[in-house]
Structures are given as C-alpha cells and as structure tokens.
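Given next are the chains, with one letter for each unit.
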Amino acid sequence: MAKKSHINMAKNKRHFSNIVQCATFLSLLYPSACMVLDESLVKELEKKCPSLDVHVYEDSVLLGARTAGKYEHMGNATDIESCTRLCCLSRSCHVAILHDNSCANLVCNSARDCQIIPGKGTYVVKVRNVASEGQEIVMETSGNGSAAVKSVINSEGLRENVLAVSSDSNDRRCEVGLKECNENEVCVPLGEKRRDGLCKCAPGFHKSLVTGDCIIKDITTVSSKEHPTIVNFSNESESSTLPYVTSTVFPTLTSTTDTVPSTPETGNTSPKPDKKLVVSVNNKTVYLTTGSQTYEKRVTLSAYAIGDSSEYKYKWILVKHPETDDTGYLSDANSQTITLSHLVQGVYIFKVNVTGPGAHGDAFGSVTVLPPKRINQPPKAVVIPPSQEIKLPNSGVIIDGSSSTDDGEITSYRWEMVTAPLGYKLSEETAPTLQLTDLVPGNYTIMLLVKDEEGLEGNTTTFLSVVKETDYRPTANAGGDQIVYLPQTEITLYGNASTDDHGIEEWEWTKGPKDSGKAVDMKDTRTPFLHLSNLEEGHYQFILRVTDGNGQSSEAPVSVYVQKPNMNIPKANAGEDMRIVLPNTTVILDGSQTTDVSANTHWLWKQLSGPSTVHFSKNDEVKVNVSGLTKGDYTFMLTTWNGDDPSKNSTDDTTVSVIQDKNVPPKANAGGDFSVTLPVSVITVDGSKSSDDVLVTKWKWERDSTSLAAGMVINASDSSPVLMFTDVVAGVYVWKLTVWDDQGASSSDTVSIIVKESIHHLDEVELLVRGDIGKLSYTQLSTLLQKLQLFLHTSDSAVDIHLISLTGLPYSGHVRLTFLAYAGKNVVRGPEVVTLLRHQINSASSELLDLPLISVDTVVCQNNCSGHGECTQSSRECRCQTWWMESFMRRHMGDGVQNCDWSVVYVFVTICFMAIVLGLAVWGVITLIVRNFGASAKPRRKPPRYSLLDNYEENTKLKTHMLSSLLDSGSESDSDAEVLFDSRKAKHKSDKQRNGYQKFTRVRT
C-alpha cells in the first residue's frame, strides 16, 4: 500500500506541475489550452505514449495546415478522448485532431509544421514528439505583428514561454532594463529567465520597409481588449482545490470604425491616450527539501515592461496563496523585483501593476512550490522460491516474481535462462510468474529482470535442481511371530505388507537358519502368502525375500511356535458393567480380559435378561456388537473354555443399563410410496421401520380423505406395524400411519400406493358357472380349466389358461372365474377367446363343462355396439344412440351379441311398406274369391219399398216393365215384386220414389 501511494504521489506531482504551468503561462498566452485530458485516460496511455501532452487546445489549428503531414480519418471516434486514444494506439501518430465531431490522426512532417496556433472549432492534442534538439511541438500566437510567443521544453524538462523574434537581420541584441534600443523600440527578452533579448518595434509601431525605423501604424485610435480567462485547477491528490486565476492576456490591436484623417481639423484636438505597456513576469518553480514543510531559501520574482521609458513604478499584489496560516514573507513590493521567503507547498499568484509617463500595464506571475523531488531508485527483483529441488517424475515447477518491488511502478518483467542442460530452451516470458514444464535432470539458473517506468533495471537469479527419481530398496514384512497349539497343524503366513516404491516383482519363502529342523509342508512359496501344514511341536523360522524391478531385494524373518494345547480352564471376564444413554442403542461386549486363553479357546455370549431381545453381530468371539437395546437393564453372560470339552468352562456376567435423559418422540416411517399392478390379491404396507428411543407401543393406520374407498383391511392389520388390505381397484390409495411411545408422544407419516391396471386387463375373460363355491373341489376346477383349454385349442398352437381369480357370488349359487389365455408366451386377445368359447359351447354342449355355463365375456366390456352406441359395464347391454335400435334377429337367431344394427327410420319404413303390401294382398285374395264364388250364391232379398205413381208415370213404367220382362227372360229374380219395386235412391227430386210398383231400368246381359 505504501508503494502504491508513493507512485500515485509522484504522478500527482507531475500532474500538479503541468496545471501550474498552464495557470501561469498558458492562461496568459493561450487561454483555451487549459483544458486537460481525463486523468484515468492519461494513466491508461502513459506507458504507450510517455510524452503525451495532457492539455487540450481548443479553437486551435496546426501551422502547416493541410500540408502539416499525413492525415488519417478515424470514423469511430466522436470525442477528443477517444480520438487521443486511437492516436496513441497507432505507433506513427503524433497529433490527434477533432473537428465537428470528426476525428483525424496526423503523422507530422516536421515539428514546425505541427506547431499549434489559434484557430476556430478544432480541438488539438499533442500525443508524441517530432521535434529535435530537445524541443517539443510549440504553441505560437501572434503578438503585435512583429513578435510571437512560443512555448518550449527547456533542459530541465519544464515548459517555459519565450518571445520568438523574426529573422530580420536588423534586430539588434539588447539587455532588458537598459536603454539600448532605438526610438519606438523595446527590448524583448529571449526567455523567461533571461535578461538578454532583441530590439523590436513597440506596440502600435511597425518597421518601415524603406528606412528600417519603427513608425506609427496608419491608425488614429488604438483600442485594446483584454481577454479574461477563468482556469479551474484541481488536483485529486491535494486536500483542497487550487485557486481560480483571472489573468489578463496580451492586448490585441484593432482598428475602430471611425477613421480619423491624417491631418487634424483646426480647433479639434483630443488628448493622446495612454500607451498599453507589455509586461512580462518570469515565473518561478522551486522544490521543497526532503523532510521540510517550508522553502527556506529566497525566491525573487521580476517584472519587465516593454516601453520607451525606464521610469516605471511597480506595485505587486498577492492574488492567491495556499490555504495555510503561514503565507510566507514578501519584501520590496513596490520594486521591479520582489523577494519571497518562508514559502509552503502550493501556488502563489501575484499581480504587478506598472505605470509610467503616459503608459500603464499589468501582468500576473506565479511562484510554484512543489514537493521534494523523488530520486528514482532501481527496482528490486524478488523470486520465490530462490532455489528448489525437483525430483522426477515431477517435471514442472512455478517460479513467482510478482513480489518484486519498486519506489515507482514496475513496467516490465523478463525471464532469461542463464544455465540449463543442453537442449533445454526457455521461451520468451514477460509475465511476473514463470511456469516451466518438461524439465530434464540437471541444474538450472534463471534470471529475472524487472524495469521501472524510468528505465532502471533490477535483477535476481533462482536456482533449480532437477534430479532423477530415486529407486529405493523394497521393505520385506513377513508379519508377526505366530503361536500354534496342537492339534492345529496348519497356518498361513502373510507377507503382503511388504512394500516398494515401484512395486515388488518377486516373492520367495525359505526356511531360516534358526529353524529347529522340524518337518513341514510349504505351499505357495513364490507368492505373498505361505501356507504351512503338518506342523509338529517345536520352533520354525521362515525367511521372506522380496525383489523389485531393478533387482534390489530385502529379507524379513518370522517364527512359528507349535506348542501342546493349553488344557487349563480359562478364567472368563465379561468386562465392567456399562451404562448408556438413549438414543444410543448399541454396545460392545469385551471379554479380552479373560486369562489363561489359548489359540483353541472358545467364546460364547448369551443374554440372560432384559426388557427386549437384543441382536448379536456374532456371539462366539472375544468382542461382540450388541444392538436393539431399549430402556432398562440387560444382563449378558460370557462362557469360555479350551479345547473341545465345553463342560470345562468358566462364566462371567456383565450388566448394561440403558437410561433415558429426556423423551424423544417416535419417528413414524410408513415405508415410502410404491406402486403395484393388478391383478394383486393382497397389498402389504410395512411400517415396522418406525423407531423410538425406547419403544413404539401403539400403531394406527388411517385411510386419507383423498384415498380410494375400495379395499378391505384384513386381520385387523390397521393397528399393527404391517398393514394388509385386499379387493383393490386401479387408483391411488393414501394411508396415514401414526405411532406412539410409552409416554404418549406420537408422530405420523403417509404413504401413497398407486394401483395400476394390468397391461392385459382388456384380455381378461370372465366365466360364470352355476355352482356353490363352498362345494367346488379342486378336481372340478382343474377339470373345468382343462376342458376350456381343449375348447380353445387350435391346430396352430396350444392354449394355456392362467387363472387370475376364483370368487363365489353370495346368495346366487354362481361361481366366477377370471383368467387369461396364453398361446406360448403371447396373450390371446380377450374378445377372440370369448368368441371361440361361445362358438365351441354352442356347437357342442355346455354340459361338457360338468358345470352349467351361465355366461362368458371379457371382464371389461369391449362391445362397440355396431358403432352406434356404448356398452354398459354393469349389465353388458348396449345403450343405442338416438334413431338406432337392437337387431332382435341377430340377438335371438344369430350370434346372440348385443348390438345396435337397425336404424329406427329404416325399420319404420320397412314395417309400413310391409303393411301396405300385406293389405293389398288380402284385398286381392278377397276380390278373387268373390268373383269366383259370388254368382252361384243366392242374393239377399231386400225389403220392398212402395210409392204411389201418377197415371202418366204408371202407364210409362208398365210399358217399360213389359218390355224389360221380355228382354230379361233369364233374370235371376224369381219374384215379381222385385220387378215392380225400385229400391235405388232417386237421383233427382223429381225422381222421388212413391209407394207402388216401380220397374227397374237396368238391363241384364
């Protein structure tokens, strides 16, 4: 942090110095140049463009104009900062120019062409130097036409202003303050800190091309305009803002609109106006000494007036000073040169008023007190670690140089390989951290070089040693010595604990020199495991030799002692009594304190008492793990004996007390959600994994409100750990399990059971036969299934029947069988099975089944009702759509299947047509009978009707009757009355019948 603060302080000093120069000089000569670039942009570009001028020159152009150099238009920059950045990123660009939001980068032909002069509407920033002999691009403004003011960089690196004179050979050398120039001439100093200069024409005069003298210009009235400029200086590193400065710049001579004749009119005289003096002040910049807050030396500040008189009066006024209590001391305030002392860090700005006979002028000057100059120290390179050793196969390493330090800022890192094994090369690395890979054995010397912003370098070296991987000898381990008690005669020695850094290649077991010479059978002597058999009483020694891949070997001995069996009765010790606290429910019983044990000692643990039955991991070992304990006291007994005689034993008891500090509620566990697929007879839900710190005393299963209601709980299992229920249907069953402990604490858990339809539920066939389920024997059922298989048997394949369920319908005397038919591994479609069975039973006889057949159909009604209705599952009847009806002919005389074959409209039309046809047929038959048999039948006699006849009508009818009688000799009537009386109705009123005889007029043929 201190290093970074020091770097920022150094940068702020330079930034502060630039601002002060702008305040004291540029504001006097070039007001618009006091705009500066953003400090963050300056920091960003300072490495690529160290000579970047932070000032932005507004309303400026270049002296060379279009011929100043090569212009390149940059279309993607619309502000001066973006334009400056693009110029800096280009290696050849010198000046950034922004005009009407259009950016151009310029590569200058010469420093003179790129001099910055006043213009209009253009911003100019100098990015790189193009001048020679230590001078940069200068800034030039017109004075009175004969002199120009320029800004150059002096040998100390500071910018100073000078008056550049023309190259006229008539200009004479002079010294400021001495009257050495001709009339109407002034001595113009050659620099801020110089008293020597050149004689130039005073303001208002110009040099005659004929005589070479300074003569008055051809104007009668000269007016001056002062251009005040307000400059805002700020330095983020300072605690306060520097003062605002108002300065008066050089006067600009302009002609008035009223021109006075060269010969004045008589009687019209006007007073001669005061001349405007050109006053300049040599600004000073001093540095504090290290460790001092004030500048103890004296500082002089002089004013120079350019005019034709040396009798000038000077008056100095302090305008601004650093905001401190100690403002310093000023002496000779009314002289040409003032003396200052005891100054503090900051800027002191003075105004000097110069008056003389018929002339006056003023100017501003400044003394800048800067912090002590920093003496740049070379950076210090630091490498971590300074040296290290790498062992193969690790062939990579990281070297860190980021801890290198500098009083300023480190700008570059460079790694160089000083020494290395032949053939190893280091690629160019410029990062603070170096990573090396694929190292080969040998010694490396690597140098880190660091460079600061002023070009000073520091370096250090690190040493790296890469050594080959060491192949260590293997370490043999034959295991510990062993004791074998007869009658045991076999044992296995384990050498697999032997180790090597690259692996063991060979194993070899041999007898050792300290062996007693007893015979033994050795097996697998070239493996890590040596199997010994037929051991005899005595001492055996074996040597294990292991060898690695490089031929290095190691040996380890092991002894085996074969002794007679220990026939003493061991003294059992079951260990101390123990006490555990719930919820811990396990304990380890330890009988290792038993004495007089041998290799053939036997162990047996038993539970003598306790509130529950515990579980032993094993009960025939020295240490056993016991689980399943609950609140209460348990007693365990250890029995030990040697040899094969359990009667010669000893016992010992130990007590385990299980206590409960606080009651922990039980934790219900309903077993987790699961699913089943029909058909299933019983569903079992296991909640026995519910637990409690002591004991679960009560269980209760309840059906959730969202569960299906179907299904019956059996064996009162809803109050036990395991729930069982049957008669389920497809759907979701949700059960809630609640458990309680002995202190009434409870918890609940739910389980969801998804009952899925069988994938073959559409192929299940239901057969209903007459019989009593209580009297149906297994033989009858087997016979029935075999006959069904025979009915379904085809020439293609044999059919097997898989019985799904067998139930009796209460109080009906019927038995229902549900089955699937399989042809090999494939299920036969249910409708095909039903159709085939119906056909076989109808063609044969249902009595062949031994049980009367009531019906056969699929469990799920699959009748499509001829496509004009839907099948009702409960009754298996078709519910036909409107205007459709069942075909009773198909139902009663055909295949007997429920249907919706007939359309009501068609049936009605057919019935009407048949009725009409039938009526016509009957009428025709009747007509035929009447014609064939009606002539021989005696007609029915009608009762006579009588009416009185007039004389005329009587005579007429008599004549007609007589005539008709003659013609109708073959008349069927045998009565005269029928001829005499007419029974027909009269057609007209005039033909009204009257009582009496009337003769018919009809003629028979």
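The structure contained in this document is the topic of the report that follows. (Residues numbered from 1 in each chain as written. Predicted model: local features only at pLDDT ≥ 70, side-chain atom pairs only at ≥ 80, totals over all residues. Heavy atoms only, no water.)

This part covers the environment of Cys 87. Structurally, Cys 87 is set in helix α3 (residues 80-89). Judged by its relative accessible area of 0%, Cys 87 falls in the buried class. Distance from Cys 87 to Met 74, taken between C-alpha atoms, is 9.2 Å for residues 13 residues apart in sequence. Non-local contacts of Cys 87, meaning those with residues more than four positions away in its chain, are made with Cys 93, His 94, Val 95, Ala 96, Asn 105, Val 127 and Arg 128. (Helix = DSSP H or I, 4+ residues; strand = E, 2+ residues; numbered from the N terminus. Buried < 20%, exposed > 50% of the residue type's maximum accessible area, 1.4 Å probe, protein only. Contact = heavy atoms within 4.5 Å.)

Soluble globular proteins tend to bury their nonpolar side chains together. One finds Val 279, Tyr 314, Trp 316, Leu 343, Val 352 and Val 354 to be the most contacted residues of the largest nonpolar core, which totals 25 residues. Those elements giving two or more residues to this core turn out to be β20 (278-281), β23 (299-306), β24 (313-320), β26 (337-341), β27 (343-344), β28 (346-356) and β29 (359-370). In contact with Tyr 314, not counting residues within four places along its chain, are Ala 303, Ala 305, Ala 333, Asn 334, Ser 335, Gln 336, Val 352, Asn 353 and Val 354. If you look at the next biggest cluster of nonpolar residues, it comprises 24 residues, including Phe 791, Val 833, Val 834 and Leu 851. (Core = buried A, V, L, I, M, F, W, Y, C linked by side-chain atoms within 4.5 Å.)

A side chain of one charge can pair with a side chain of the opposite charge when the charged atoms of the two come close. Under the criterion given, the structure shown has 19 salt bridges. Residue Arg 838 is joined to Asp 857 by a salt bridge in which the shortest nitrogen-to-oxygen separation is 3.7 Å. Here Asp 857 lies in strand β61 (residues 853-858) and Arg 838 lies in helix α5 (residues 830-843), a separation of 19 residues in the sequence. Given a relative accessible area of 22%, Asp 857 falls into the partly exposed group. Across the pair Glu 877 and Arg 891 runs a salt bridge whose closest N-O atoms are separated by 3.8 Å. Placement of the pair is Glu 877 in the loop between β62 (869-871) and β63 (878-880) and Arg 891 in helix α6 (residues 888-893), with a sequence separation of 14 residues. Among the residues examined, Glu 877 registers a relative accessible area of 33% and is labelled partly exposed. Through salt bridges with shared partners, one network takes in Glu 877, Glu 886 and Arg 891. (Salt bridge = Lys/Arg side-chain N within 4 Å of Asp/Glu carboxyl O.)

What follows deals with the packing of aromatic side chains. Taken as a whole, this structure holds 8 aromatic pairs when the rule is applied. When the centroid spacing of 5.9 Å and the interplanar angle of 90 degrees are considered together, the rings of Phe 616 and Phe 636 count as edge-to-face. Of this pair, Phe 616 sits in strand β46 (residues 615-616) while Phe 636 sits in strand β48 (residues 632-642), and the two are 20 residues apart along the sequence. Grouping residues by exposure puts Phe 616 and Phe 636 together as buried. Judged by centre distance (5.5 Å) and plane angle (50 degrees), the ring pair of Phe 725 and Tyr 733 falls under tilted. Through pairs of rings, three or more aromatic residues link up here, namely Phe 616, Tyr 634 and Phe 636. Just above the ring of Trp 740 sits the side chain of Lys 698; from NZ or CZ to the centre is 4.7 Å. (Phe/Tyr/Trp six-rings, centres within 6.5 Å; stacked < 30°, edge-to-face > 60°. Lys NZ or Arg CZ within 6 Å of the ring centre and 35° of its normal.)

Attention shifts here to unusual backbone geometry. Geometrically, the link from Leu 392 to Pro 393 is a cis peptide bond, its omega value of 15 degrees lying close to zero. Positionally, Pro 393 belongs in the loop between β30 (387-391) and β31 (397-400). Pro 583 follows Leu 582 through a cis peptide bond whose omega is 15 degrees. With respect to the element layout, Pro 583 can be found in the loop between β43 (578-581) and β44 (587-590). Even without a glycine there, the phi angle at Asp 524 is positive, about 65 degrees. Residue placement: Asp 524 occurs in the loop between β39 (521-523) and β40 (529-533). Of note in this structure, Tyr 811 is not a glycine but carries a positive phi near 60 degrees. Tyr 811 sits in the exposed class, given a relative accessible area of 90%.

This part is about the state of the cysteines. What makes a disulfide is a covalent bond joining the sulfur atoms belonging to two cysteines. Enumeration over the complete set of coordinates arrives at 9 disulfides. Covalently, Cys 108 is tied to Cys 114 through a disulfide, its sulfur atoms 1.8 Å apart. Looking down the S-S bond of the Cys 108 and Cys 114 bridge, the torsion is -110 degrees, so its handedness is left-handed. Just as Cys 108 is buried, Cys 114 falls in that class too. One disulfide bridge connects Cys 181 with Cys 199, the sulfur atoms lying 2.0 Å from each other. (Disulfide = S-S within 2.5 Å.)

On the surface, Trp 883, Val 905, Tyr 906, Phe 908 and Val 909 cluster together into a nonpolar patch covering about 610 Å² of accessible area. Owing to a relative accessible area of 41%, Val 905 belongs among the partly exposed residues under this scheme. (Patch = residues over 30% accessible without salt bridge, like charges linked within 9 Å, V, L, I, M, F, W, Y side chains within 5 Å. Areas by Shrake-Rupley, 256 points an atom, 1.4 Å probe, with all protein chains shown as cover.)

Attention now goes to the side chain of Thr 640. Position of Thr 640 among the secondary structure elements: in strand β48. Relative accessible area serves as the criterion here: at 0%, Thr 640 is assigned to the buried category. Excluding its chain neighbours within four sequence positions, the residues that come into contact with Thr 640 are Pro 570, Ala 572, Thr 594, His 602, Trp 603, Lys 648, Asn 649 and Ser 650.

Pairing between the strands of a sheet comes from backbone hydrogen bonds, and it takes one of two forms, parallel or antiparallel. In spatial order, the strands read β37-β40-β39; together these 3 strands make up an open sheet with antiparallel pairing. Strand pairing shows two members of the sheet lacking a second neighbour, β37 (491-494) and β39, which therefore form its edges. For this sheet, the mean angle separating the axes of adjacent strands, direction not counted, is 25 degrees. Sheet topology places β39 next to β40; 3 bridges connect them, and they run antiparallel. Of the residues in β40, the one forming a bridge with Asp 521 is Ser 533. (Pairing = 2+ DSSP bridges. Axes fitted to C-alpha atoms, helices over the stretch in contact; angles between N-to-C directions.)

We now examine the sheet that holds β20. In space, the 4 strands of this open sheet follow the order β20-β23-β26-β25, with antiparallel pairing throughout. Either end of the sheet is taken by a strand with one partner, and the two such strands are β20 and β25 (329-331). Each neighbouring strand pair of the sheet contributes to a mean axis angle of 20 degrees, computed without reference to strand direction. As judged from the 4 bridges shared by β23 and β26, these two strands associate in the antiparallel manner.

This next bit is on α3. For α3, the complete set of buried residues consists of Ile 80, Cys 83, Thr 84, Cys 87 and Cys 88. Seen from one end, α3 has its buried residues packed into an arc of 135 degrees, which puts them on one side. Two to three positions downstream of the cap, the backbone nitrogen of Glu 81 sits 3.1 Å from a side-chain oxygen, assigning the N-cap of α3 to Asp 79. (Arc of directions from axis to C-beta. Polar contact = N/O pair within 3.5 Å; in protein donor to acceptor, adjacent residues only side chain to side chain.)

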